[in-house]
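Geometric and topological summary
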Amino acid sequence: MTLYPALILDALKSVRYPGNGKSLAENNMIEDDIRIDGNKVSFSLIFDKPTDPFARSVVRAAEAAIASEISPDVDVTINIKSRQPAPAPKPAILPGVKNIVGVSSGKGGVGKSTVSANLAVALAAKGYKVGLLDADIFGPSMPKMFGVEDEPIYMVNKEGRDWIEPIEKYGVKMLSIGFLVDKEKPVLWRGGMASNALKQLLTDAWWGELDYFLIDMPPGTSDIHLTLVQTLPITGVVVVSTPQEVALADARKGLAMFTGEAVNVPILGLVENMAWFTPASHPDEKYYIFGKEGAKRLAEEQGVKLLAQIPLVMDIMERADSGKPVAVELEENPETGNPEAQAFASLADNVIAAVAERNSTLPPTHPVEMK
């Protein structure tokens with residue numbers, strides 16, 4: 001059997017493009033690049049768009065036509081080309097960020113934001129480049145905790161365009177929707193508006209090079225959580241709970257959301273906040289107001305790490321309300337004996353270790369594709 005270009009073209013006359021019913025020749029879809037080497041044939045088909053929905057079916061039809069009209073022994077290779085250039089790949093979100101860590105809780109009121117703020121400051125005090133996004137759209141608290149409620153937001157020009165410039169304090173770059181809305185009024189937005197606002201803080205801000213990018217997530221499970229896991233390659237999540245059974249029940253739901261098949265984001269560990277109460281006048285005493293070691297038991301039950309047990313101490317609350325998280329002590333006085341500051345220093349060490357272990361044992365995370 002001798003193959004030649006005209007024979008190939010004759011076989012392709014019966015193949016029609018489903019989009020308009022015309023033959024490949026009538027659509028000028030057969031490029032003049034037919035190559036023949038023994039029983040091997042290669043040529044290109046040209047489509048209008050690089051994402052033509054009929055490309056695969058047309059290629060199969062062309063292969064079948066050659067096998068039927070000439071011989072099934074012909075080895076056919078068909079290249080797909082496009083008259084339009086392929087769209088440029090979307091720029092990576094947060095390209096300079098090494099690790100993205102979500103801080104979540106099953107319910108409100110367990111001190112998740114306090115943990116987020118102090119963890120960020122503790123990491124910065126250890127010399128890491130840290131960013132913090134307040135993703136609690138309906139209850140932003142980071143501006144107050146960092147004492148920057150009235151700070152204006154500026155734009156900065158980088159790489160030929162204007163970007164939102166995060167506010168930097170205590171070594172942490174930070175943004176919050178709280179900077180963009182009236183702090184005295186509630187945010188009355190539907191889920192779509194909240195998700196779009198959050199994406200803007202992610203994609204239109206100049207975060208630069210960061211070792212850790214912490215996200216203070218809203219409590220519970222919501223559109224915001226789905227937006228985050230679908231937009232960002234989250235390295236892992238820290239779940240915060242009190243020892244109380246009511247809080248633990250919701251923490252289980254939060255763990256299930258992230259570890260479920262649809263999301264599948266690694267859990268770095270649990271933080272037991274308000275683990276015990278210690279009076280200032282009796283620093284060695286512990287009173288288990290919300291129960292004892294509930295989060296520790298949950299961590300063992302779920303097979304995840306217990307990253308820290310943070311005590312319920314008046315100083316932590318007062319420092320957060322005053323805009324100076326207690327972990328600032330770690331930077332101002334590295335040898336501080338403040339047990340609350342040391343608790344967050346230990347938490348930072350354990351998060352660093354958990355992220356390192358996760359990165360060495362699991363493949364890189366990708367944004368979640370949900371149907």
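Residues numbered from 1 in each chain as written. Predicted model: local features only at pLDDT ≥ 70, side-chain atom pairs only at ≥ 80, totals over all residues. Heavy atoms only, no water.

This paragraph deals with the sheet that holds strand E9 (residues 172–176). Hydrogen bonds between backbone atoms are what pair the strands of a sheet, whose relative direction is either parallel or antiparallel. What the eight strands build is an open sheet, ordered E8-E9-E5-E10-E4-E11-E12-E13; its pairing is mixed. Looking at strand neighbours, the two that pair on one side only are strand E8 (167–169) and strand E13 (306–312), the edges of this open sheet. Averaged over all adjacent pairs, the angle separating strand axes in this sheet is 25°, with direction ignored. Relative to E9, strand E5 (residues 130–134) runs parallel, the two being bridged by five bridges. Following the sheet pairing, Leu 132 is matched in E9 by Met 174. Sheet contacts for helix H3 (residues 112–125): strand E4 (97–105), E5, E9, strand E10 (210–216), strand E11 (236–241) and strand E12 (267–277); angle to E10, the most-contacted strand, approximately 170°. (Pairing = 2+ DSSP bridges. Helix = DSSP H or I, 4+ residues; strand = E, 2+ residues; numbered from the N terminus. Axes fitted to C-alpha atoms, helices over the stretch in contact; angles between N-to-C directions. Contact = heavy atoms within 4.5 Å.)

Overall, the coordinates contain 15 salt bridges when judged by the stated rule. For the salt bridge of Glu 245 with Arg 297, the shortest nitrogen-to-oxygen distance reads 3.8 Å. Here Arg 297 lies in helix H8 (residues 294–302) and Glu 245 lies in helix H7 (residues 245–259), a separation of 52 residues in the sequence. On the basis of relative accessible area, Arg 297 is assigned to the partly exposed category, the value being 44%. Residue Glu 293 is joined to Lys 296 by a salt bridge in which the shortest nitrogen-to-oxygen separation is 4.0 Å. Glu 293 gets classed as partly exposed once you look at its relative accessible area, which sits at 28%. (Salt bridge = Lys/Arg side-chain N within 4 Å of Asp/Glu carboxyl O. Buried < 20%, exposed > 50% of the residue type's maximum accessible area, 1.4 Å probe, protein only.)

The next subject is the pairing of E12. Counting buried residues in E12 gives 10 out of 11 residues, a clear majority hidden from the surface. Both E11 and E12 contribute to a ladder of five bridges, which runs parallel. Bridged to Val 240 within E12 is Val 271. Running through H7, the crossover from E11 to the neighbouring parallel element E12 is right-handed. With five bridges joining them, E12 and E13 adopt parallel strand pairing. In the strand pairing of E13, Phe 277 is matched with Leu 312. (Right-handed = clockwise from strand over helix to strand, strands pointing away.)

Moving on, we come to the sheet that holds strand E2 (residues 40–47). With mixed pairing, three strands are arranged side by side in an open sheet as E1-E2-E3. Each of the sheet's edge strands pairs with one partner strand only, and the pair in question is strand E1 (35–37) and strand E3 (75–82). The mean angle between the axes of side-by-side strands here comes to 20°, regardless of whether they run parallel or antiparallel. As defined by bridge partners, E1 adjoins E2 across three bridges and the pair is classed as antiparallel. Bridging from a neighbouring strand, Arg 35 pairs with Ser 42 of E2. In the packing of helix H2 (residues 55–69) onto the sheet, contacts are made with E2 and E3, and the angle to E3 comes to roughly 150°.

All right, on to the nonpolar core then. Core analysis: the largest hydrophobic core is formed by 89 residues, its most contacted members being Phe 146, Phe 213 and Leu 228. Tallying contributions element by element places helix H11 (residues 339–361) first for this core, with 10 residues. Discounting residues that sit within four places of it in the chain, Leu 228 has contacts with Ala 135, Leu 198, Leu 202, Ile 215, Met 217 and Ile 234. Counting residues in hydrophobic clusters, the runner-up holds 23 residues, among them Ile 8, Leu 45, Ala 55 and Val 58. (Core = buried A, V, L, I, M, F, W, Y, C linked by side-chain atoms within 4.5 Å.)

All right, on to the confidence of the model for the protein chain then. Chain-level pLDDT for the protein chain is 87 on average; 95% of the residues reach the 70-or-more range. When mean pLDDT is compared element by element in the protein chain, E10 scores highest at 96, while helix H5 (residues 191–203) scores lowest at 80. (pLDDT = per-residue confidence, 0-100.)

We now examine the side chain of Ser 105. Residue position: Ser 105 is located in strand E4. Classification of Ser 105 by relative accessible area gives buried; the value is 2%. Residues within four places of Ser 105 in sequence aside, it is in contact with Val 110, Lys 112, Pro 218, Pro 219, Gly 220 and Val 240.

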